[in-house]
Amino acid sequence: MGHTEADLAQVLHTGPFHLALRAALSVRGLPLQRVQHHLAHRGIKVGVTSLSYWQQGARRPQRPESLRAVRALEEVLELPGHSLTRLLGVGEGGGRAEVERPPARSYRSLMEVSTAVETLLAELECPLDGGLHTVGHHERVRIGPGRELLGRDSRHVVRAHRDGVDRYLAIHHGDRGCDPSRMRVSALENCRTGRVRRHHESGVVIAELLFDARLRAGDTYFFGYGIEDGTAGPSTEYVRGFTYAGGQYVLQVRFDEGALPVRCRRFAQATTGAPRGARTDLTLSGRHRTVHLVEQGVRPGILGIDWDWD
């Protein structure tokens, strides 16, 4: 699988070690025999088989001579110092260090209804960390003739940051006065609908979207799903929270021709309690009646579009 410099930068930050090594070899275009040759010139003997096992995750370099080879690999592959050894839990002085997880925010910092979300996740016996982070996400929201949120469709590309992940948990928070019992979740591409849980007081629905494969750490997966709502009164915004950094997010909001807003804006927030910043006016397109935002490198936090009806 081909990798880009952006892929390499991300996996050097998130790990695990074998995926970072594999990405570095791919981006630098070096076969293992050439890598072995470069290491030999530095007085380090390591077999091609060992290098292959390291990049596959079948073995992990642990002995002092192996760690010396990893430090030399950082030079050979033109990587930042300690970028690979850090993923092995080795500090700059050679001692053990914490291995970083992908930077994340809690649901509590991103959603006013975080208690309801955590309650439903507990019912599903799912960890708060679902083991996935976003590589790309294209979301289309539809606003109906009564100014209500009719529904949304998502096309999602995710990457697993641990082995064994086989599902995604879609979270939908309806507008004030919504009826979760009438909302419907549809699996559109490369997934199927599993269990669905609803929290009526908060208007939250959580649905399992089951993949057709069990992912290994570093694998990507593309899938699509939709949620039909249309159960509440006038909608004034659409908000998306991101627990993990990385990836592109595109949000498009389409309005019914009989219900057009007078003003639309994009915004960003660090947390639910923080002021909204990065405000930019958005121009409603002509006959398509849409506005959109594009965020190339998502950071943990909140992005959204809001609008005024009068």
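Preceding this section is the structure that the text describes.
The present account deals with the structure reproduced in this document. This one's a predicted model, so the numbers in the text were calculated from it and none came from an experiment. (Residues numbered from 1 in each chain as written. Predicted model: local features only at pLDDT ≥ 70, side-chain atom pairs only at ≥ 80, totals over all residues. Heavy atoms only, no water.)

To continue, consider the overall build of the chain. When you go through the chain residue by residue, the secondary structure sums to seven helices and 13 strands. On the principal axes, the C-alpha backbone points of the chain span a range of 75 × 40 × 35 Å. The buried share of the chain, taken over its 310 residues, is 47%. Sequence-distant contacts, at least 24 apart, represent 69% of the contacts inside the chain between residues at least 6 apart. (Helix = DSSP H or I, 4+ residues; strand = E, 2+ residues; numbered from the N terminus. Buried < 20%, exposed > 50% of the residue type's maximum accessible area, 1.4 Å probe, protein only. Contact = heavy atoms within 4.5 Å.)

We now examine the packing of helix H3 (residues 32-41) against helix H4 (residues 48-56). Packing of H3 against H4 leaves a shortest axis separation of 9 Å and a crossing angle of 115 degrees. Here the hand of the crossing between H3 and H4 comes out right-handed. When H3 is examined against H4, the residues Leu32, Gln33, Val35, Gln36 and Leu39 are found in contact with a partner set consisting of Val48, Leu51, Ser52 and Gln55. (Axes fitted to C-alpha atoms, helices over the stretch in contact; angles between N-to-C directions. Left-handed = near helix turned anticlockwise from the far one by under 90°.)

Among the nonpolar cores identified, the biggest contains 29 residues, and Phe17, Leu21, Leu39, Leu51, Trp54, Leu73 and Leu84 are the most heavily contacted of them. Breaking this core down by element, the ones donating at least two residues are helix H1 (5-14), helix H2 (17-28), H3, H4 and helix H5 (64-76). No other element matches the seven residues that H2 contributes to this core. Contacts of Leu51, omitting those with residues within four sequence positions, involve Leu21, Leu32, Val35, Gln36, Leu39, Val46 and Leu73. (Core = buried A, V, L, I, M, F, W, Y, C linked by side-chain atoms within 4.5 Å.)

Let's shift gears to the packing of aromatic side chains. Taken as a whole, this structure holds nine aromatic pairs when the rule is applied. Linked through ring pairs, Tyr168, Phe211, Tyr221, Phe223 and Tyr225 together constitute an aromatic cluster. Above the face of the Phe267 ring, Arg276 is positioned so that its terminal group lies 3.8 Å from the ring centre. (Phe/Tyr/Trp six-rings, centres within 6.5 Å; stacked < 30°, edge-to-face > 60°. Lys NZ or Arg CZ within 6 Å of the ring centre and 35° of its normal.)

It is worth spelling out the side chain of Arg266 at this point. Inspection of the secondary structure assignment puts Arg266 in strand E10 (residues 263-269). Note on Arg266: relative accessible area 14%, which makes it buried. In this structure the side chain of Arg266 is engaged in a polar contact, spanning 2.8 Å, whose partner is the side chain of Glu295. The contact partners of Arg266, leaving out residues within four places of it in the chain, are Ala278, Arg279, Thr280, Leu282, Leu293, Val294, Glu295, Leu303, Gly304 and Ile305. (Polar contact = N/O pair within 3.5 Å; in protein donor to acceptor, adjacent residues only side chain to side chain.)

Spatially, three strands are ordered E3-E6-E5 in an open sheet, and the strand pairing comes out antiparallel. Unpaired on one side and paired on the other, strand E3 (165-173) and strand E5 (191-199) mark the two borders of the sheet. On average, each strand axis in the sheet is inclined to that of its neighbour by 20 degrees, with strand direction left out of account. Across eight bridges, E3 lies against strand E6 (residues 204-215) in antiparallel orientation. (Pairing = 2+ DSSP bridges.)

A few words now on H3. All of the buried residues along H3 are Leu32, Val35 and Leu39. Along the long axis of H3, the arc covered by the buried residues comes to 55 degrees, so they all point the same way. Structural note: H3 exposes Gln33 and His41 on the side pointing more than 90 degrees away from its buried face. On the buried face of H3, the contacting elements are H2, H4 and H5. One or two positions beyond H3, positive phi appears at Gly43, with a value near 80 degrees. (Arc of directions from axis to C-beta.)

This part covers the sheet that holds E10. Remark on secondary structure: sheet strands pair via backbone hydrogen bonds, oriented parallel or antiparallel. Taken together, the four strands give an open sheet; going across it, the order is E8-E13-E10-E11, and neighbouring strands pair in antiparallel fashion. A strand with exactly one partner marks an edge of an open sheet, and here the two such strands are strand E8 (237-242) and strand E11 (277-282). Sheet twist, expressed as the mean angle between neighbouring strand axes with direction ignored, is 15 degrees. In terms of strand pairing, E8 meets strand E13 (residues 301-308) through six bridges, oriented antiparallel. Paired with Phe242 across the two strands is Gly301, which belongs to E13.

In this section: the side chain of Ser66. Along the chain, Ser66 turns up in helix H5. Note on Ser66: relative accessible area 12%, which makes it buried. Other than its neighbours up to four places away in sequence, Ser66 contacts Trp54 and Pro61.

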